[in-house]
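So the chains spell out like this:
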Amino acid sequence: AVLSFFHMEEREQVPSGGTKPEGPDISQAEIGALVKAQYIKMDKYYGLSGSLLTDLTWSEDRKTLLDYKFWEVRDNELIPVQVDMQASQVDITHNNIRYQGEFWWYVQDGQLDYFAGDNRTVDTDGEREWDWNFSFVPGRNDVLLLRLSTGRQMEYVEYPFLYHLNTGKTEELFTGLDPDVLAESDGAVWSDDFRLALITGHASAEFPNGREWLYSRETGTLTDVRALGGVGADSAAFADGDTLILYDMTDNVDGGVQYVTLYSYDLSTGLAVKTMEQTPYYRDWEENPSGVMTFGSRCVLISEEGQVQVVDLKTGTRATMEGFTFQKEDDFMISPSGNKLLYFSTDSKTEGLGITRLGVADLEKGVFFAFDREGYENLHEEGIGWSDNNTVSINASTPDGETRYLLLYQF
């Protein structure tokens, strides 16, 4: 398969400073008739909640949401939107620790969003700390994944529950699981249907890449990932509800990952099929980086000459980016649904990211197009990512920090 690369002739003219607005102000542009850009100029930080621009006012201790405003970003306008905001409580005791706090949530056009402040707590002698946080459950707007945690960095341990928004009740996910495993765990990744979890453990001298277990809620069984398919894998990722991608890592003398071998593991048959063998792992600090960038069930394979292939790690099929040569300053980021790749290139001579080129590869349509940017050096670009599966956002500010920008690109 081939991904056809198109380098658009039209360049984006990145907005620059100007007068600080009173509230958010919007302008727009079309780039090569293929990309719609919206530039939101702001007097302070505003967030993005799905497709809505948000202005949140928190209490001084950042525990209470005092006020909120929302706008729909439509063409060249910001349209005020009212949401049905709900306030709910977390109050749960686990391992003799009481986790408490308030959070806020709403469902708009079927999409759930939530807001929580700083809920970290430190005991009176400063020896112990605990926290709680949420994350979304794909495809659900009635529950959130609640994580209760203690410690930081190498001491970090967490325990998950499902929080049911309509009742405020929590559902335990690890019923009957060996507590010694959870005591060593720094988190878990769940399948979309919550039947299975990959539980990760801290790295150690015996397991420098950490340990990982596959847990089944239906059977209550726990399996060391190293035993899956008999390949001695270090870690795994969900490709879908029926397939895992197994990662067998080889370290270099300095301890970093040097090579990776990848397998597609069928959960129903227990068979592992090798889809990539002993391939260099991509390391961006090298002079001429090449190798594998992994994104769960897909990877980008970069040759020493800069040729790029996108590999489906479940099937082993490859798509070549025809007409594109990878450079050291380039990077990729997978979309939320996994069917697109964000591509961007940065200028190391500028403060901030300094994004010189931006584009998207649509892996289903087999098309990859990108455009150059002019004037990026007039803004301090702080972050880039997917806002949804079709929209990329860049957070930026003027060099003096007085004016902020949210740059939105719809591909």
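For clarity, every value in this text was computed on a predicted model and none was experimentally measured.

Re the overall build of the chain
Then comes step 1: From N to C terminus, the chain includes one helix and 35 strands.
Then comes step 2: Relative to a compact globule of 411 residues, whose C-alpha radius of gyration would be 22 Å, the chain shows 23 Å and is just as compact.
Then comes step 3: Principal-axis analysis of the C-alpha atoms places the extent of the chain at approximately 60 × 55 × 40 Å.
Then comes step 4: Taken over 411 residues, the chain has a buried fraction of 47%.
Then comes step 5: When contacts within the chain are restricted to residue pairs at least 6 apart in sequence, long-range pairs at least 24 apart make up 39% of them.

Examining the sheet that holds strand β11 (residues 111-116)
Then comes step 1: Spatially, three strands are ordered β9-β10-β11 in an open sheet, and the strand pairing comes out antiparallel. Strands at the two margins of the open sheet, each flanked by one partner only, are β9 (86-94) and β11. Pairwise comparison of adjacent strand axes, ignoring direction, gives a mean angle of 35° for this sheet.
Then comes step 2: One ladder, built from six bridges, connects strand β10 (residues 97-108) with β11; its direction is antiparallel. Residue pairing for β11: Gln-108 is matched across the bridge by Gln-111.

Section: the side chain of Ser-393
Then comes step 1: Residue placement: Ser-393 occurs in strand β34 (residues 391-397).
Then comes step 2: For Ser-393, a relative accessible area of 10% translates into the label buried.
Then comes step 3: Of the polar contacts made by the side chain of Ser-393, one reaches the side chain of Ser-387; its length is 3.1 Å.
Then comes step 4: Every residue in contact with Ser-393, bar those within four places of it in the chain, is listed here: Gly-383, Ile-384, Gly-385, Ser-387, Leu-406, Leu-407 and Leu-408.

Observations regarding the environment of Asp-25
Then comes step 1: Relative to the helices and strands, Asp-25 resides in strand β3 (residues 25-31).
Then comes step 2: Spatially, the C-alpha atoms of Asp-25 and Leu-78 are 7.8 Å apart, while their sequence positions differ by 53 residues.
Then comes step 3: When near neighbours in sequence (up to four residues on either side) are disregarded, Asp-25 contacts Tyr-39, Ile-40, Lys-41 and Leu-78.

Thoughts on the sheet that holds strand β18 (residues 196-201)
Then comes step 1: Reading across the sheet, the four strands line up as β17-β18-β19-β20 and stay open at both edges, with antiparallel pairing between neighbours. One side of each edge strand has no neighbouring strand; the edge strands of this open sheet are β17 (185-190) and β20 (222-224). For this sheet, the mean angle separating the axes of adjacent strands, direction not counted, is 25°.
Then comes step 2: As judged from the five bridges shared by β18 and strand β19 (residues 212-216), these two strands associate in the antiparallel manner. Paired with Leu-198 across the bridge in β19 is Leu-214.

Procedures and definitions
Residues numbered from 1 in each chain as written. Predicted model: local features only at pLDDT ≥ 70, side-chain atom pairs only at ≥ 80, totals over all residues. Heavy atoms only, no water. Helix = DSSP H or I, 4+ residues; strand = E, 2+ residues; numbered from the N terminus. Rg over C-alpha atoms; globule rule 2.2 N^0.38 Å. Buried < 20%, exposed > 50% of the residue type's maximum accessible area, 1.4 Å probe, protein only. Contact = heavy atoms within 4.5 Å. Pairing = 2+ DSSP bridges. Axes fitted to C-alpha atoms, helices over the stretch in contact; angles between N-to-C directions. Polar contact = N/O pair within 3.5 Å; in protein donor to acceptor, adjacent residues only side chain to side chain.

Keep in mind that these numbers describe shape and distance, not what the molecule does.
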